[in-house]
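# Observations on the model geometry
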Amino acid sequence: MTLKLTKDRLIIFDTTLRDGEQSPGAAMNREDKLRIARQLERLRVDVIEAGFPAASQGDFEAVKSVAEAVRESIVCGLARANENDVRRAGEAIQPAKQGRIHTFIATSPIHMEKKLRMTPDQVVDAAVAAVKLARQYTDDVEFSAEDAVRSDFDFLCRVFDAVIQAGAKTLNVPDTVGYSIPELWGERMRRLIETVPNADQVIWSTHCHNDLGLAVANSLSAVLAGARQVECTINGLGERAGNASLEEVVMAVRTRPDVFDCETRIETREIVPTSKLVSQITGYPVQPNKAIVGANAFAHESGIHQDGVLKHRETYEIMRAEEVGWATNRLTLGKLSGRNAFKTRLAELNIDMPNEETLNAAFARFKALADKKREIFDEDLTALFTDEAPAQETWRLVSSMFHSETGEAPMAKLTLWVEGQEIQAEATGSGPVDATFKAIEKVANSQTDLLLYSVNAITTGTDAQGEVTVRLSRDGRIVNGLGADTDIVVASAKAYLNALNKLCSHGERLNPQL
Ligand code: KIV
Ligand code: ZN
């Protein structure tokens, strides 16, 4: 056996802004995507899949803006294997310093027959035509065989052979339905690389869904078999049970250099800040025991463990919390901080202030918070922007009064701003939050179902801000609303109104996997 002195690069392809956005209610607007994309660039991901330009004009604009803003990562747009999608993706990535088109078509019998209603020959022709057209926009073309996990192996080889000849540079093998298990997935990758002609001329990639909780394990097995790109998302967001989680893949490869003969270029100290930002923007809280980015991921509870860690950290820790960006809450600003300090810190946190008016409004919110909360942390600053109204604001909370007393029905009295008009609403409920939502509904009559209500403390301490997520659904459309405040009932009202605003302002999106 020869000793390899240089390790291969493992390309990290982040699809939080595309597959991650397909999590129910996680639809992001242009500004949300830009903020996350800038943070992904700081994290040093190799490829940012910014969206699906043919899905809507909004997503087209979002991908284009990301392509304009990002310089250090490749910016990628997704396209089904048809002319319109590929052209839209090509136009959207046009401003990118490094742009990629990712085109895909399903190759499994069930998808070809039941969904596409195409013959295998037609699928090969469409794949080849899409790749050739994409090459007219960029040299960097990726092709995915959707539902590769349930595709006939020989047919997969035929499709991959054809798209390599057509000019694809990256071949992605997706487990679209999260059906594989690590041993089989690694084996499939190994056989593909051994069988497809000119396999060494392309990068082999894997894209695994988490329906059986095996997305990360399957992805790593593919890496051991020769894949050199992993498609993944922050916090494992994504369609249904999600995708392979970026932080877990990256830290597994980094923590076990004895196993993996490759390395990523990820700036691991940006992992936790990225996770928090994505959680705040999408309204998907991170479970406390989530590997790497969960609040308890580095907390030792049992006395034996605590004793061991105090004596020698490595008795119970395989990674350092600081290495992935956990730091004790950083005190950044306080009541006496001025506008310049505020502006500078926002810039350091990658929060853009498009104009003086927005900055002044944000500064006023910061001062109001600093009056209620003595110490302001980075998380508090980020939260100032989580319940920001969309461009078209319909609902806003002007003021509130709550009454809760033993033996009495809790009551909420609200003044709401509704399209320029102030309206009073009052209701009782089983608790103050229930009363608040009922009061809002007296005015809104939104005909929505409340799917989820959750509260998280943003920092530690009883004066911490509570961050509330409200998930509403109406006619099959799902939105997440966010609200933050030191008073969790106020945060709840803000989150509910934020969700209503989103319902009023977002257009429908196409799901590329339909
Ligand atoms: O899961 C999947 O197959 C996808 C493709 C579009 C790559 O997301
Ligand atoms: Zn997917």
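Below: a short report on this structure.

Bringing the packing of helix α15 (residues 432–444) against helix α16 (residues 488–505) into the picture now. Two numbers describe a pair of packed helices, the interaxial angle and the distance between the axes. Direction vectors running N to C along α15 and α16 enclose 35°, while the axes themselves pass 9 Å from each other. The crossing of α15 and α16 is right-handed. Here α15 contributes P432, V433, T436, F437, I440, E441 and A444 to the contact with α16, which in turn contributes V489, S492, A493, Y496, L497 and L500. A breakdown of the residues in the contact of α15 with α16 according to their chemical character gives ten nonpolar, two polar and one charged.

Attention now goes to the pattern of salt bridges. Summed over the entire model, instances satisfying the criterion amount to 34 salt bridges. When the shortest N-O distance is used, the salt bridge between E187 and R190 registers 3.9 Å. Taken together, the residues E187 and R190, both in helix α7 (residues 182–195) and three residues apart, mark about one turn of the helix. E322 serves as the salt-bridge partner of R320, at 3.8 Å between the closest nitrogen and oxygen. Taking the relative accessible area as the measure of exposure, E322 reaches 47% and is therefore partly exposed. Ionic contacts of the salt-bridge type, sharing partners, join the residues R9, D46 and R265 into one network.

Strand order in the open sheet made by the three strands is β13-β14-β15, with antiparallel pairing throughout. The sheet is open, and its two borders are formed by β13 (395–403) and β15 (421–428), each paired with just one other strand. Strand-to-strand, the axes of this sheet are offset by a mean angle of 20°, without reference to chain direction.

Attention now moves to the nonpolar core. Among the nonpolar cores identified, the biggest contains 97 residues, and F143, F160, L171, L192 and W204 are the most heavily contacted of them. If you tally residues by element for this core, the top one is helix α6 (residues 153–166), at ten residues. Discounting residues that sit within four places of it in the chain, W204 has contacts with F160, L171, V173, M189, L192, I193, V196, A199, A227, R228 and Q229. Core analysis: the next-biggest nonpolar cluster, separate from the first, contains 26 residues, L397, V418, A444 and V470 among them.

Attention now moves to the environment of G476. Here G476 shows up in the loop between β17 (466–474) and β18 (477–485). Considered as a pair, G476 and I234 are 242 residues apart in the sequence and their alpha carbons are 25 Å apart.

Cut-offs used in this document
- Residues numbered from 1 in each chain as written.
- Chains lettered and ligands numbered in written order.
- Predicted model: local features only at pLDDT ≥ 70, side-chain atom pairs only at ≥ 80, totals over all residues.
- Heavy atoms only, no water.
- Axes fitted to C-alpha atoms, helices over the stretch in contact; angles between N-to-C directions.
- Helix = DSSP H or I, 4+ residues; strand = E, 2+ residues; numbered from the N terminus.
- Left-handed = near helix turned anticlockwise from the far one by under 90°.
- Contact = heavy atoms within 4.5 Å.
- Nonpolar A, V, L, I, M, F, W, Y, C, P; charged D, E, K, R; others polar.
- Salt bridge = Lys/Arg side-chain N within 4 Å of Asp/Glu carboxyl O.
- Buried < 20%, exposed > 50% of the residue type's maximum accessible area, 1.4 Å probe, protein only.
- Pairing = 2+ DSSP bridges.
- Core = buried A, V, L, I, M, F, W, Y, C linked by side-chain atoms within 4.5 Å.

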